Amino acid sequence: MKAKIIGVGSCVPDKIVTNDDVAKIVETNDEWIRTRTGIQARRVSDASTATSDLAIVAAEKALKASGLKAADLDLIIVGTTSPDYLFPSVGCLLQNKLGAMRAAAFDVSAACSGFNYALTVASNFINNGAYRNILVVGADTLTKYLDWSDRGTCILFGDGAGAVVLTATDSGAGILASWLKAEGDLGHHLIMRGAGSRDPELKGKHGRFMTMDGKDVFKFAVRVLEESIRAVLDKTGLKVEDINLLIPHQANVRIIDHVSKKMGLPNDKVYVNLQKYGNTSAASIPLALDEALADGKIKNGDMIVLSGFGAGLTCGANLIKWEDSNA
Ligand code: UT7
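Residues numbered from 1 in each chain as written. Predicted model: local features only at pLDDT ≥ 70, side-chain atom pairs only at ≥ 80, totals over all residues. Heavy atoms only, no water.

1. Some thoughts on the pairing of strand 5 (residues 104-108)
So, step 1. Relative to strand 5, strand 4 (residues 75-79) runs parallel, the two being bridged by five bridges. Each residue of the ladder has a partner; that of Leu75, found in strand 5, is Ala104.
So, step 2. Handedness of the β-α-β unit built from strand 4, helix 4 (residues 90-98) and strand 5 comes out right-handed. (Pairing = 2+ DSSP bridges. Helix = DSSP H or I, 4+ residues; strand = E, 2+ residues; numbered from the N terminus. Right-handed = clockwise from strand over helix to strand, strands pointing away.)

2. Some words on the nonpolar core
So, step 1. Grouped together as the largest cluster of nonpolar side chains are 49 residues, with contacts concentrated most on Phe220, Ile229, Val232, Val305, Phe309 and Leu319.
So, step 2. Counting only elements with at least two residues in this core, the list comes to strand 8 (174-182), helix 6 (214-236), helix 7 (253-263), strand 12 (303-310) and strand 13 (314-321).
So, step 3. With ten residues, helix 6 is the single largest residue contributor to this core.
So, step 4. For Val232, the residues in contact, after removing those within four places along its chain, are Ala177, Ser178, Trp179, Val305, Ala317, Asn318 and Leu319.
So, step 5. Counting 31 residues, the second largest nonpolar core, distinct from the first, contains Val108, Ile134, Leu289 and Ile298. (Core = buried A, V, L, I, M, F, W, Y, C linked by side-chain atoms within 4.5 Å. Buried < 20%, exposed > 50% of the residue type's maximum accessible area, 1.4 Å probe, protein only. Contact = heavy atoms within 4.5 Å.)

3. Regarding the sheet that holds strand 8
As a general point, the strands of a sheet are linked pairwise by backbone hydrogen bonds and lie either parallel or antiparallel.
So, step 1. Taken together, the four strands give an open sheet; going across it, the order is 8-13-12-11, and neighbouring strands pair in mixed fashion. Across the chains shown, the open sheet's two edge strands, defined by having one partner strand only, are strand 8 and strand 11 (245-248). Taking each pair of neighbouring strands and ignoring which way they run, the sheet shows an average axis angle of 10°.
So, step 2. In terms of strand pairing, strand 8 meets strand 13 through eight bridges, oriented antiparallel. By the bridge assignment, Ala182 is partnered in strand 13 with Thr314.
So, step 3. Packing against the sheet, helix 6 makes contact with strand 8, strand 11, strand 12 and strand 13, and its axis sits at approximately 140° to strand 8.
So, step 4. Against the sheet, helix 9 (residues 284-294) engages strand 11 and strand 12, with an angle of about 145° to strand 11. (Axes fitted to C-alpha atoms, helices over the stretch in contact; angles between N-to-C directions.)

4. Let's talk about the domain arrangement of the protein
So, step 1. When cut into domains, the protein gives domain 1 (2-172) and domain 2 (175-321).
So, step 2. Between the C-alpha centres of domain 1 and domain 2 there is a distance of 14 Å.
So, step 3. Taken together, the 51 residues of domain 1 in the interface contact 46 residues of domain 2.
So, step 4. Buried area between domain 1 and domain 2, both sides added, is near 3800 Å², and the carbon and sulfur share of it is 62%.
So, step 5. Considering only the surface of domain 1 that becomes buried against domain 2, Cys112, Asn116 and Tyr145 emerge as the three largest contributors, covering 17% of it.
So, step 6. Counting the contacts that link domain 1 with domain 2 gives zero salt bridges.
So, step 7. One can count 21 residue pairs in polar contact (both at pLDDT 80 or more) joining domain 1 with domain 2.
So, step 8. Among the elements of the structure, strand 1 (2-11), helix 2 (30-37), strand 3 (41-43), helix 5 (114-127), strand 6 (133-140) and strand 7 (160-169) are those that each provide at least two residues to the side of domain 1 that touches domain 2.
So, step 9. Among the residues forming the side of domain 1 that touches domain 2, the class breakdown is 23 nonpolar, 20 polar and eight charged. (Domains from an automatic or database assignment. Buried area = accessible area lost by both parts, 1.4 Å probe. Salt bridge = Lys/Arg side-chain N within 4 Å of Asp/Glu carboxyl O. Polar contact = N/O pair within 3.5 Å; in protein donor to acceptor, adjacent residues only side chain to side chain. Nonpolar A, V, L, I, M, F, W, Y, C, P; charged D, E, K, R; others polar.)

The structure is reproduced here in structure tokens:
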């Protein structure tokens, strides 16, 4: 059996923060942010909105689109690195809020690669027959962990959530190949201290922030984005020209352009929506998938590659033969 996506949903906070708004807080400007990243605006959640509040909306939309009921779910997996609490997991919060009382639930911590990691785990549970219906969510509210005086990070991120419902199929469509990787030796290039057990003295206003070596992450990103795409193609015997749509992690348009140009993927086969949302971490790929579907960019039989990278450092990709839910 393969895992087929039968419902997609997403959610972003209402508040839009433009580059000009950010330029009022930190020494930067719209032109620099647009040309160096492609980002024009991002969504920022208010103080009372936690990751599960965005995730539940995305999950309910995905469930509705799938035609399944919460009670049909066997498992919920959430990719997130900004959970509401250290425990219980966002997965368990969703299980309760949805009323998915039959479902097991847990979170996967792979930062911006969280959705591809969670999707791969879910796909394998379906492949081996353990579960039939699985909700996979990517959700983060990283704007709560930004140092708004660090222009190297605060310009990049936004909040959001995206979700898919998977079910087992023997139609030959669905997730055909998955590939994950971690390079923990590079982990120090993108790190959020002060929220874990290592250095609790950093907790609070002046410590619990992400820090990033932008250039090192950029170099990693362009290398592994290509590596991950080629890895899922190799597993299936497909070629770059067989890809109908690449949905890459929405971090920086220069990363996406560099890789697609190098691999010979034309612009119309690469989905980009980071200009509106910035980098929404684990939410970026399912949010882009939801918009690509709404934009009519995906049709029955298309080969779709989801590929991303993030803290860890991690990366991963999934290759999907798309099948409309009514097919
Ligand atoms: O999900 C994974 C998350 N992380 C990423 O994807 C990050 C990957 N890296 C990047 O996207 C880029 O490295 C950044 C966008 C973070 C930075 O772009 P860059 O082209 O690597 O810029 P830079 O750090 O080399 O800085 C170039 C110049 C510097 O000035 P000087 O030394 O040349 O005078 C910076 O001080 O631009 C300056 N600068 C800025 N200026 C205006 C750096 N950040 C800003 C800013 N506004 N926000």
